[in-house]
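# Notes for the structure review
Take a look at the letters that make up each chain.
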Amino acid sequence: MKYFGAVIWLFFVLTAFPQSNAIAIIPEPVSLVQQQGVFTLQDNITITVSDDNEAAKVAGYLSNAIAVPTGFTTTIKKNSADGNIRLIITPAPGEAPGDEDYHLVVSPGSVTITARKAAGLFYGVQSFLQLLPKEIAGKSVIKGVSWTAPCVEITDHPRFGWRGLMFDVARHFFTKEEVKQFIDDMAKYKFNLLHLHLTDDQGWRIEIKSLPRLTSVGAWNVKKTGTFNYFSPPAPDEPRDYGGFYTHDDIKEIVQYAKDRFINILPEVDVPGHSLAAIASYPELSCTPGANQYKVNSGEPLMVWPPGGHFYGLVDNTLCPANEKVYTFLDKVFTEVAQLFPFEYIHMGGDETARNFWEKSAAIKALMKKEKLNNLDEVQSYFVKRVEKIIASKGKKMIGWDEILQGGLAPNAAVMSWRGIKGGIEAAKQKHEVVMSPTTFAYLDYMQGDAAIEPPVYATLRLNKAYQFEPVPDGVDPIYIKGGQANLWTEQVYNMRHLQYMIWPRAFAIAESVWSPKAKKNWNSFVPRVE
Ligand code: ACM
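Source: prediction; values computed, not measured. (Residues numbered from 1 in each chain as written. Predicted model: local features only at pLDDT ≥ 70, side-chain atom pairs only at ≥ 80, totals over all residues. Heavy atoms only, no water.)

## Overview of the state of the cysteines
Selection rule: A pair of sulfur atoms, both from cysteines and within 2.5 Å, is called a disulfide here. The numbering of helices and of strands both runs from the N terminus, where a helix is a DSSP run of H or I of at least 4 residues and a strand a run of E of at least 2. Accessible area is worked out with a 1.4 Å probe on protein chains only. A residue is then buried under 20% of its type maximum, exposed over 50%, and partly exposed in between.
In this structure the tally under the stated criterion is 1 disulfide. With a sulfur-sulfur separation of 2.1 Å, C287 is cross-linked through a disulfide to C320. Measuring the twist about the S-S bond at about 90°, one finds the C287-C320 disulfide to be right-handed. Taken together, the residues C287 in the loop between α7 (276-281) and β15 (303-304) and C320 in the loop between β16 (312-313) and α8 (324-340) connect sequence positions 33 residues apart. Overall, the relative accessible area of 2% leaves C320 in the buried class.

## Quick look at the sheet that holds strand β8 (residues 162-168)
Selection rule: Here, any two strands with at least 2 DSSP bridges between them count as paired. Think of each axis as a best-fit line through the C-alpha atoms, taken over the contacting stretch in the case of a helix, with angles from 0 to 180 degrees between the N-to-C directions.
Taken in spatial order, the 8 strands close into a barrel running β8-β9-β14-β17-β18-β19-β20-β21, and their pairing is parallel. Neighbour-to-neighbour, the strand axes of this sheet turn through a mean angle of 30°, independent of strand direction. By the bridge criterion, 6 bridges tie β8 to strand β21 (residues 481-488) in an arrangement that is parallel. The residue bridging W162 from the neighbouring strand is G483, located in β21.

## Here we look at the packing of aromatic side chains
Threshold: In this scheme Phe, Tyr and Trp rings, the latter by its six-membered ring, pair at centre separations within 6.5 Å, and the angle between planes marks the pair as stacked below 30 degrees, edge-to-face above 60, and tilted otherwise. Comment: the charge-over-ring label is applied if NZ (Lys) or CZ (Arg) is within 6 Å of the ring centre and within 35 degrees of the ring normal.
Under the definition given, this model contains 28 aromatic pairs. Ring centres 4.7 Å apart and planes at 35° place the aromatic pair W305 and F311 in the tilted group. Classification of F311 by relative accessible area gives partly exposed; the value is 27%. Seen from their ring centres, F343 and Y345 are 5.6 Å apart, and the 45° between their planes marks the pair as tilted. Taken as a pair, F343 and Y345 share a single burial class, namely buried. Counting every residue linked through ring pairs, the aromatic cluster contains W401, W418, Y443, Y446, Y458 and W489. Directly above the aromatic system of F357 lies the positively charged group of K360, at a separation of 4.7 Å from the ring centroid. A cation over a ring is seen here: K521 above Y467, with NZ or CZ 4.8 Å from the ring centre.

## Focus: the packing of helix α10 (residues 362-371) against helix α11 (residues 376-393)
Packed helices, taken two at a time, are described by their axes: the angle between them and the distance between them. Operational definition: Angles below 35 degrees are treated as roughly parallel, those above 145 as roughly antiparallel, those between 65 and 115 as roughly perpendicular, and all remaining angles as oblique. Contacts: residue pairs with any heavy atoms within 4.5 Å of one another. Note on residue categories: nonpolar means Ala, Val, Leu, Ile, Met, Phe, Trp, Tyr, Cys or Pro, charged means Asp, Glu, Lys or Arg, and polar means any other residue, Gly included.
The N-to-C vectors of α10 and α11 enclose an angle of 80°; their axes lie 11 Å apart at closest approach. The orientation of α10 with respect to α11, classified from their angle, is roughly perpendicular. Here α10 contributes I364, L367, M368 and E371 to the contact with α11, which in turn contributes L376, V379 and Y382. Of the residues belonging to the contact of α10 with α11, the class tally is 6 nonpolar, no polar and 1 charged.

## Comments concerning the sheet that holds strand β7 (residues 148-156)
Across the sheet, which stays open at both edges, the 7 strands sit in the order β1-β7-β5-β6-β4-β2-β3 with mixed pairing between neighbours. The open sheet has two edge strands with one neighbour each: β1 (31-40) and β3 (74-78). Between one strand axis and the next, the sheet turns through 20° on average, direction left out of account. Sheet analysis places strand β2 (residues 45-49) next to strand β4 (residues 85-89), joined by 3 bridges and oriented parallel. For T48, the partnering residue across the bridge sits in β4 and is R86. Together, β1, β4, β5 (102-106), β6 (111-115) and β7 form the strand contacts of helix α3 (residues 118-131), whose direction differs from that of β5 by roughly 35°.

As structure tokens, this is what we get:
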């Protein structure tokens, strides 16, 4: 009887929500009006596009997105507007238009996307592709599909200019091609910011030509398995051949690939904590002498996190704020980083700096005396302010995790609030720019399902909770909130399949939180669209 009830229930669910015909765009557009009829994609259609190089690239992207799963040939005609699909740049398609706004009309005879800039056309293309059957995301030709899109009129624009995902390529290295796959997926959901966490205790992932040991030594550790942070320490003779890094040419290719999908890349070099890969490469950067003790971490115990107490390091994995060589080193690093990444910000990390070795350091004591620093918060702040000057000297703005508030914020620093939203609130009150990325809503390394069936992680973030992400806290002036992002740390993520499992569908929830109007968010409409 129980099973009979379940079958009846299932029947009602399946008939009440005819998923295949429902319009399911993520993130939900500002305005969507369904109209009569469908547009049918066919072989030998024409895409016409305004005379604009960036727009022409969008036409090429669309042509390829159609060709791969359908096998259809499309012809792109520049500087005309009478094709089956029309991509049109117009000066002002709406009121107070922004560079990412678009207007999409699907009618039985044609598809028309108008936008002020190519970025808007690109987002219009993404919405159009989501109107087609899900097989449009196929990676090879799929036969027997009726390639129809319902007729609609959509007017759309993003709520925030910073719509990010962070990808930790330091804990585990992911190849250039895998980073491109990541970019392809984020572009579909109108994310425009890829934050690459490029350095950590477990690896340094970016070639710095003036500091070759960062990648000859710092990019490699020993492959171990088990529960990260509890791996057995590697023996001295175990091969250090697990890892990798991006050359300057790789980075240029990734940056261009992202740019073609209207995604900026924010590079992060995490200092002064999380710096063991750099210290293993150049041991003189630490306050604690002992060149031989420093090895790139392979997942063996490194930090201790007493419940409710202060964390501390078992090895000194921090750069020494009292050592001038550290600033010379960082000048070299940020010179090359600034040349490689066109984005206006550089992220300097700043999180989770263990201070137990600083406490014992004579050099730190001397620095405190000389600079009249009262405590280790102020030592950290001294370091962060000097880093800000270096980054500013390369023509870039600095952003850091919310610990950079400790001991006093650097004058122009932007803050990425991760330990909840309180750091972001504090920074906004001090009139600094903020990106919200709180663990409570946006940490994609946390388990998402029942602990009994998930690879174990110390915390859980359900889809429903991620959907409640609201980047602007009550009482905060929204002009300081640039937007939000979700973070994927990869201590326990070793490959792309696991990575995709962790990111989706929670990143759909984040995408909707940073793109769609607050008033449009609706869990009951979101769930069937996810499905
Ligand atoms: C962080 O999660 N440590 C920024």
